[in-house]
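One-letter residues, chain by chain:
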Amino acid sequence: MGGEDGEMISEKMKKKLIAEALEARKNSYCRYSGFAVGAALLADDGTIYRGANVENASYGLTNCAERTAIFAAVAAGVRKFKAIAVVGAPQGEKAMEICPPCGSCRQVMAEFGDPDKFLVILGTEGEERKELLLKELLPYSFEL
Ligand code: THU
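Bear in mind that the values here come from a model prediction, so they are computed numbers and not experimental data.

J.: Give a description of the packing of aromatic side chains that names residues and reports values.
T.: Counting across every chain of the model gives two aromatic pairs. Relative to Y59, the ring of Y32 has its centre 5.5 Å away and its plane inclined at 40 degrees; by these criteria the two rings are tilted. Remark: Y59 occurs in the loop between β2 (48-52) and α2 (65-75) and Y32 occurs in the loop between α1 (11-25) and β1 (35-43); sequence separation between them is 27 residues. A residue is classified by how much of its surface remains accessible, and Y32, at 33% relative accessible area, is partly exposed. Look at F81 and F112: their rings are 6.4 Å apart centre to centre, the planes differ by 80 degrees, and that puts the pair in the edge-to-face class. Of this pair, F81 sits in strand β3 (residues 81-90) while F112 is found in helix α3 (residues 103-112), placing the two residues 31 residues apart along the sequence. Using a relative accessible area of 26% as the deciding quantity, one classes F112 as partly exposed.

Below, the structure is given as structure tokens:
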């Protein structure tokens, strides 16, 4: 049976991933930008890895929420993923608008996600939501 592509992730699971991303966002360390991002990454085995953005006084060292989640999973020995939910907004505000991943995070997703199957869920605390396959978010990604 297939069932591994984005189409097959249940509505219940999508909502859970957004809720997990919102929880992760609470741990954002964003004292320089004041912009708090959370991510929740669904592995093939059903485990969910959370990530938040972690900033630094040397600004360029900042790690985005998406990459934090992916690196946590890979560091735990997990490399196969189905989807990631991302939420972001100024700290202290509700996340009411979608927060599309930066180019660096898209490229890191492309390292581990199947372009035709990996689903990127841009969530909010309201009604708005956008779902994109990795190939839509990052066409012609760099590969070796
Ligand atoms: N940020 C993320 O965590 N993910 C993105 O995809 C876009 C940007 C963070 C980085 C920085 O801490 C803050 O948002 C403002 O750029």
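Moving on from the model shown.
J.: Any details on the environment of F71? Residues and values, ideally.
T.: With respect to the helices and strands, the residue F71 is situated in helix α2. Spatially, the C-alpha atoms of F71 and Y49 are 9.4 Å apart, while their sequence positions differ by 22 residues. The contacts of F71, once residues within four sequence positions are left out, are N63 and V108.

J.: Outline the nonpolar core, listing residues and values.
T.: Grouped burial of nonpolar side chains is what soluble globular proteins tend to show. Counting 23 residues, the largest nonpolar core has L41, F81, I84, M109, F118 and V120 as its most contacted members. Only β1, α2, β3, α3, β4 (119-122) and α4 (134-137) provide two or more residues apiece to this core. The residues contacting V120, other than those within four sequence positions of it, are I84, P101, M109, K130, E131, L132 and L137. In terms of nonpolar packing, the next biggest core, distinct from the first, is built from 15 residues, I9, V87, A89 and L133 among them.

J.: Got a sec to walk through unusual backbone geometry? Specific residues and values, please.
T.: Look at Y140: it is not a glycine, yet its phi comes out positive at around 55 degrees. Inspection of the secondary structure puts Y140 in the segment after α4.

J.: How would you summarise the site of the ligand if you had to cite specific residues and measurements?
T.: Near the ligand the following residues occur: S33, F35, V37, N53, E55, T62, C64, A65, E66, P100, P101 and C102. A distance of 2.9 Å is found between an oxygen atom of the ligand and a backbone nitrogen or oxygen belonging to A65. A distance of 2.9 Å separates an oxygen atom of the ligand from a polar atom in the backbone of C102. If the ligand stood free it would expose 370 Å²; the protein chains cover 79% of that surface. Mapped onto the shell around the ligand, the elements with two or more residues apiece are β1 and α2. Its residues assigned to classes, the shell around the ligand comprises seven nonpolar, three polar and two charged.

J.: So what about the side chain of R25? Which residues, and what values?
T.: Tracing the sequence through the fold places R25 in helix α1. A polar side-chain atom of R25 sits 2.8 Å from the main-chain carbonyl oxygen of A36. Engagement of the side chain of R25 in a polar contact is seen with the backbone oxygen of P90, the distance being 3.1 Å. Residues in contact with R25, not counting those within four places in the same chain, are A36, V37, G38, V87, G88, A89, P90, Q91, E93, A95 and E125.

J.: Outline the environment of S28, listing residues and values.
T.: Within the secondary structure, S28 sits in the loop between α1 and β1. Sequence separation between S28 and E55 is 27 residues; the distance between their C-alpha atoms is 8.5 Å. Excluding its chain neighbours within four sequence positions, the residues that come into contact with S28 are F35, A36, V37, A52, N53 and Q91. There is a polar contact of 2.6 Å between the side chain of S28 and the side chain of N53.

Analysis parameters
Residues numbered from 1 in each chain as written. Predicted model: local features only at pLDDT ≥ 70, side-chain atom pairs only at ≥ 80, totals over all residues. Heavy atoms only, no water. Phe/Tyr/Trp six-rings, centres within 6.5 Å; stacked < 30°, edge-to-face > 60°. Helix = DSSP H or I, 4+ residues; strand = E, 2+ residues; numbered from the N terminus. Buried < 20%, exposed > 50% of the residue type's maximum accessible area, 1.4 Å probe, protein only. Contact = heavy atoms within 4.5 Å. Core = buried A, V, L, I, M, F, W, Y, C linked by side-chain atoms within 4.5 Å. Near = heavy atom within 4 Å. Polar contact = N/O pair within 3.5 Å; in protein donor to acceptor, adjacent residues only side chain to side chain. Areas by Shrake-Rupley, 256 points an atom, 1.4 Å probe, with all protein chains shown as cover. Nonpolar A, V, L, I, M, F, W, Y, C, P; charged D, E, K, R; others polar.

Don't take any of this as a statement about function, it's just geometry.
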